[in-house]
Amino acid sequence: MEHLDSVPPRQGLVIFLNGTSSSGKSSIAAELLRVLDEPYFHLPVDAFHAMRSSAPVPPEELGTVLHRTWQGFHRAVAGMAAAGNNVVVDHVLSAGWRLRDCLSLFVPQDVVLVGVHCPPEELERRERERGDRPAGLAARQLEQVHSHGVYDIECDTSRATPLECALHIRDFLPGRPTPTAFERLRAAG
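Residues numbered from 1 in each chain as written. Predicted model: local features only at pLDDT ≥ 70, side-chain atom pairs only at ≥ 80, totals over all residues. Heavy atoms only, no water.

Colleague: What is the right way to look at the overall build of the protein chain in this model?
Modeller: When you go through the protein chain residue by residue, the secondary structure sums to 8 helices and 5 strands. Secondary structure elements in the protein chain, listed N-terminal to C-terminal, are β-α-β-α-α-β-α-β-α-α-β-α-α. Taken over C-alpha atoms, the radius of gyration comes to 17 Å for the protein chain, in line with the 16 Å a tight globule of 189 residues would show. Principal axes of the C-alpha set define a box for the protein chain whose edges measure 55 × 40 × 35 Å. Counting only contacts in the protein chain whose residues sit at least 6 apart along the sequence, the fraction spanning at least 24 positions is 83%. Taken as a whole, the protein chain presents about 10,100 Å² of accessible surface, with 55% of it coming from carbon and sulfur. On the protein chain, the mean spot of the 19 positive side-chain charges and the mean spot of the 24 negative ones are 3 Å from each other. (Helix = DSSP H or I, 4+ residues; strand = E, 2+ residues; numbered from the N terminus. Rg over C-alpha atoms; globule rule 2.2 N^0.38 Å. Contact = heavy atoms within 4.5 Å. Areas by Shrake-Rupley, 256 points an atom, 1.4 Å probe, with all protein chains shown as cover. Lys, Arg positive; Asp, Glu negative; His and termini not counted. Charge placed at Lys NZ, Arg CZ, Asp CG, Glu CD.)

What follows is the structure, encoded as structure tokens:
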């Protein structure tokens, strides 16, 4: 029987889906898990929020609790990748510190940064249809989420299905260029 300590270390690939709430990131992630040739873990930021107990958080502490949750999420993703696991992340980079934190934690050449775009009208329609998000949330996030302006690959979920987006990303992976978006963003400081 092979000893686990003899397994050679490797860094996992992080497919980082960034877009507003309701832009289609989770749907793309689900399709990626179906079409990718290697095992991947889907780590959505929403799952980390859902893991928190239902104990009430005083309004004056909510910002701190949310900040710590996002920081922990980033470190969990980095830890999974450092252990050699491939990860599909869906996240909303709606605050500059979130991107800076990820840039400081992730191995930049092993991150594929995917811009998930959707027009405001369609985001509004999806929010109304879902009914589980505050009205206008995606519109408020739109400007900041893509403000860094650098991606390895982009998709528009109003023009392509989640499966089409996942296949586009899958087909991009073997020949992904360097420097990666994360390498360029880290170098830009």
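Colleague: Please clarify how the pairing of strand 3 (residues 86-91) should be interpreted in this entry.
Modeller: Remark: a regular strand shows side chains that alternate across the two faces of the sheet. Of all 6 residues in strand 3, 6 are buried, a share of seventy percent or more. Going residue by residue along strand 3, you find Asn86, Val88 and Asp90 tucked away on one face and Val87, Val89 and His91 tucked away on the opposite face as well. The pairing of strand 1 (residues 14-18) with strand 3 spans 5 bridges and is classified as parallel. Across the sheet, Leu17 pairs through a bridge with Asp90, a residue of strand 3. (Buried < 20%, exposed > 50% of the residue type's maximum accessible area, 1.4 Å probe, protein only. Pairing = 2+ DSSP bridges.)

Colleague: Would you take a moment to explain the pattern of salt bridges for this structure?
Modeller: Pairing between side chains of opposite charge can happen when the charged atoms of each approach one another. Enumeration over the complete set of coordinates arrives at 9 salt bridges. Beyond isolated ion pairs, a larger network of salt bridges with shared partners links Glu122, Arg125, Arg126 and Glu129. (Salt bridge = Lys/Arg side-chain N within 4 Å of Asp/Glu carboxyl O.)

Colleague: Would you mind going over the packing of aromatic side chains with me for this structure?
Modeller: Aromatic rings in a pair are described by how distant their centres are and how their planes are angled relative to each other. In this structure the tally under the stated criterion is 5 aromatic pairs. Aromatic pair Phe16 and Phe106: ring centres 6.2 Å apart, planes at 55 degrees, arrangement tilted. Here Phe106 lies in the loop between helix 4 (96-105) and strand 4 (111-117) and Phe16 lies in strand 1, a separation of 90 residues in the sequence. Grouping residues by exposure puts Phe16 and Phe106 together as buried. (Phe/Tyr/Trp six-rings, centres within 6.5 Å; stacked < 30°, edge-to-face > 60°.)

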